[in-house]
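Spelled out from the first residue to the last, the chains are:
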Amino acid sequence: MGIYKLPKNQWTKDGRKYKYYWNEKDKNGKWKKSFSKAYKTKLDAMNAEREFLNSKVEFGGDMDMTFGNLYHKFQQDLWNKPIKCSTRNDVQKFLKIILNWGMKMYDINLMKFYKKIEFFKDPNEMKEEKDVYTFEEFQKYITGTTSLNDKAMFEMLYYCGLRRGECRGLQWSDIDWNNKLVSITKQANSVKDSQKYYELTPPKTSKSIRTLPLTDVLYNDLVDLYNEKKKYYGFNDKWFIFG
């Protein structure tokens with residue numbers, strides 16, 4: 001389906017020039033393109049297309065299938081799949097992202113459908129226990145690290161609880177030396193681009209923007225690492241700490 005703008009010589013007298021179209025099979029089983037009546041604006045045609053889709057969606061030959069019924073069947077099928085509830089809910093979140101995008105970009109009212117999306121709950125599902133290093137285990141691990149850069153990086157991850165991308169995105173300007181604090185305002189993500197290897201983006205959520213205290217051990221190691229890095233030509237506080 002899509003929106004088609006008519007050539008100017010096919011516009012109606014009152015200026016209707018947009019149609020929506022869809023593909024369907026004729027009586028001989030061959031696909032053909034069908035067009036709607038003409039509309040004045042592209043938005044009018046898009047809204048009419050949406051109403052058409054809501055009322056008649058060809059799905060397995062069932063011309064009475066609506067989006068509401070389609071979603072209900074999809075939800076049942078998703079529930080029957082041998083996957084975690086969190087994975088099912090990730091799919092639900094993605095559906096909401098698509099609907100939000102449609103409402104913002106094309107001013108389409110999808111709230112009726114949006115409200116039908118409910119997250120799954122399975123009281124019988126066993127929650128996975130996270131494998132977390134104890135302090136003693138971490139100390140044993142860190143003693144085997146000979147690189148000051150790696151030692152400080154692992155300490156930053158462990159003591160401050162940073163995500164990997166947040167740690168990679170830290171710059172020396174994020175350190176408040178006087179108050180022994182670190183500001184988390186961004187993350188570095190790898191990108192598949194021949195011109196660059198990473199991009200800086202905001203943290204995962206707005207609550208992830210935070211200021212954290214530095215332990216004395218981590219602070220002292222950062223001071224030593226800073227003094228080591230500033231010996232490099234061209235060094236400045238915009239350099240990545242663990243780059």
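The structure displayed is predicted, hence computed values, not measured ones. (Residues numbered from 1 in each chain as written. Predicted model: local features only at pLDDT ≥ 70, side-chain atom pairs only at ≥ 80, totals over all residues. Heavy atoms only, no water.)

**Focus on the overall build of the protein chain**
Then, in step 1: A tally of helices and strands in the protein chain yields eight helices and eight strands.
Then, in step 2: Within the protein chain, contacts between residues separated by at least 24 positions form 46% of all contacts whose residues are at least 6 apart in sequence.
Then, in step 3: Here the protein chain displays about 17600 Å² of accessible surface, and carbon together with sulfur accounts for 52% of that area. (Helix = DSSP H or I, 4+ residues; strand = E, 2+ residues; numbered from the N terminus. Contact = heavy atoms within 4.5 Å. Areas by Shrake-Rupley, 256 points an atom, 1.4 Å probe, with all protein chains shown as cover.)

**Notes on the pairing of strand β5 (residues 181–184)**
Then, in step 1: Only one face of β5 is covered, namely the one carrying Val182 and Ile184; the face carrying Leu181 and Ser183 has none of its residues buried.
Then, in step 2: One ladder, built from two bridges, connects strand β4 (residues 175–176) with β5; its direction is antiparallel. The residue of β5 that forms the bridge with Asp176 is Leu181.
Then, in step 3: Following β4, the chain reverses through four residues before pairing antiparallel with β5; Lys180 in that reversal takes a positive phi of roughly 55°.
Then, in step 4: Across four bridges, the pairing between β5 and strand β8 (residues 210–213) is antiparallel. Among the inter-strand pairings, Leu181 is bridged to a residue of β8, identified as Pro213. (Buried < 20%, exposed > 50% of the residue type's maximum accessible area, 1.4 Å probe, protein only. Pairing = 2+ DSSP bridges.)

**Some thoughts on the nonpolar core**
Then, in step 1: In this structure, Met156, Val182, Leu214, Leu222 and Phe242 are the most contacted members of the largest nonpolar core, which totals 20 residues.
Then, in step 2: Where this core is concerned, the elements lending two or more residues are α6 (148–160), β5 and α8 (216–229).
Then, in step 3: Residues within four places of Val182 in sequence aside, it is in contact with Met156, Cys160, Leu170, Asp174, Ile175, Arg210, Thr211, Leu212 and Leu214.
Then, in step 4: Listed in part, the seven residues of the second largest apolar core include Tyr71, Leu110, Tyr114 and Ile117. (Core = buried A, V, L, I, M, F, W, Y, C linked by side-chain atoms within 4.5 Å.)

**Digging into the state of the cysteines**
Then, in step 1: Going through the model one piece at a time under the given rule, you end up with zero disulfides.
Then, in step 2: Between Cys160, a free cysteine, and Cys167, which holds the nearest cysteine sulfur, the sulfur-to-sulfur gap is 8.7 Å. (Disulfide = S-S within 2.5 Å.)

**Side note on the pattern of salt bridges**
Then, in step 1: Enumeration over the complete set of coordinates arrives at eight salt bridges.
Then, in step 2: A salt bridge links Lys81 to Asp77, with the nearest nitrogen and oxygen atoms 3.5 Å apart.
Then, in step 3: Given a relative accessible area of 39%, Asp77 falls into the partly exposed group.
Then, in step 4: Across the salt bridge formed by Asp174 and Lys186, the nearest N and O atoms sit 2.6 Å from each other. Here the residue Asp174 occupies a position in the loop between α7 (164–168) and β4, and Lys186 occupies one in the loop between β5 and β6 (187–190), the gap between them amounting to twelve residues. In this structure, Asp174 and Lys186 share a single accessibility class: buried.
Then, in step 5: Several salt bridges share partner residues, and in doing so they unite Lys151, Glu155 and Asp221 into one network. (Salt bridge = Lys/Arg side-chain N within 4 Å of Asp/Glu carboxyl O.)

**Points about α6**
Then, in step 1: Given a rise of 1.5 Å per residue, 13 residues ought to cover 18 Å, and the 17 Å separating the end C-alpha atoms of α6 matches this to within 8%.
Then, in step 2: Where α6 is concerned, the buried positions are Asn149, Ala152, Glu155, Met156 and Cys160. Considered in projection along α6, the buried side chains sweep an arc of 130° and stay on one side of the axis.
Then, in step 3: Those residues of α6 that are buried lie in contact with α5 (135–142), α7, β5, β8 and α8.
Then, in step 4: Put simply, Ser147 is the residue that caps the front of α6, since its side-chain oxygen is 3.3 Å from the backbone nitrogen of Asn149.
Then, in step 5: Looking one or two residues beyond α6, the residue adopting positive phi is Gly161, at roughly 65°. (Expected span 1.5 Å × (residues − 1). Arc of directions from axis to C-beta. Polar contact = N/O pair within 3.5 Å; in protein donor to acceptor, adjacent residues only side chain to side chain.)

**Quick notes on the side chain of Lys17**
Then, in step 1: Tracing the backbone through its elements, the reader meets Lys17 in the loop between β1 (2–5) and β2 (18–25).
Then, in step 2: For the buried Lys17, no salt bridge exists, and the shortest N-O distance to an oppositely charged side chain is 9.2 Å, to Asp44.
Then, in step 3: Residues contacting Lys17, with those up to four places away along its chain left out, are Tyr4, Lys5, Leu6, Trp11, Tyr39 and Lys40. (Lys, Arg positive; Asp, Glu negative; His and termini not counted.)

**Describing the side chain of Ser34**
Then, in step 1: Residue placement: Ser34 occurs in strand β3 (residues 31–35).
Then, in step 2: Residue Ser34 is classed as buried on the basis of its relative accessible area of 11%.
Then, in step 3: For Ser34, the contacting residues outside a window of four places in its chain are Tyr20, Tyr21, Trp22 and Glu24.

**A word on the sheet that holds β8**
Note on sheets: strands pair through backbone hydrogen bonds, and any given pair is parallel or antiparallel.
Then, in step 1: Spatially, β4-β5-β8 is the arrangement adopted by the three strands of the open sheet, whose pairing is antiparallel. The open sheet terminates on both sides in strands that have one partner only, identified here as β4 and β8.

**Points about the packing of α6 against α8**
Then, in step 1: Between α6 and α8, whose axes approach to 10 Å, the crossing angle comes to 145°. Along this stretch, α6 crosses α8, giving a crossing that reads as left-handed. For the pair α6 and α8, the contacting residues are Leu148, Asn149, Lys151, Ala152, Glu155, Met156, Tyr159 and Cys160 in the first and Val217, Leu218, Asp221, Leu222, Asp224, Leu225, Glu228 and Lys229 in the second. (Axes fitted to C-alpha atoms, helices over the stretch in contact; angles between N-to-C directions. Left-handed = near helix turned anticlockwise from the far one by under 90°.)

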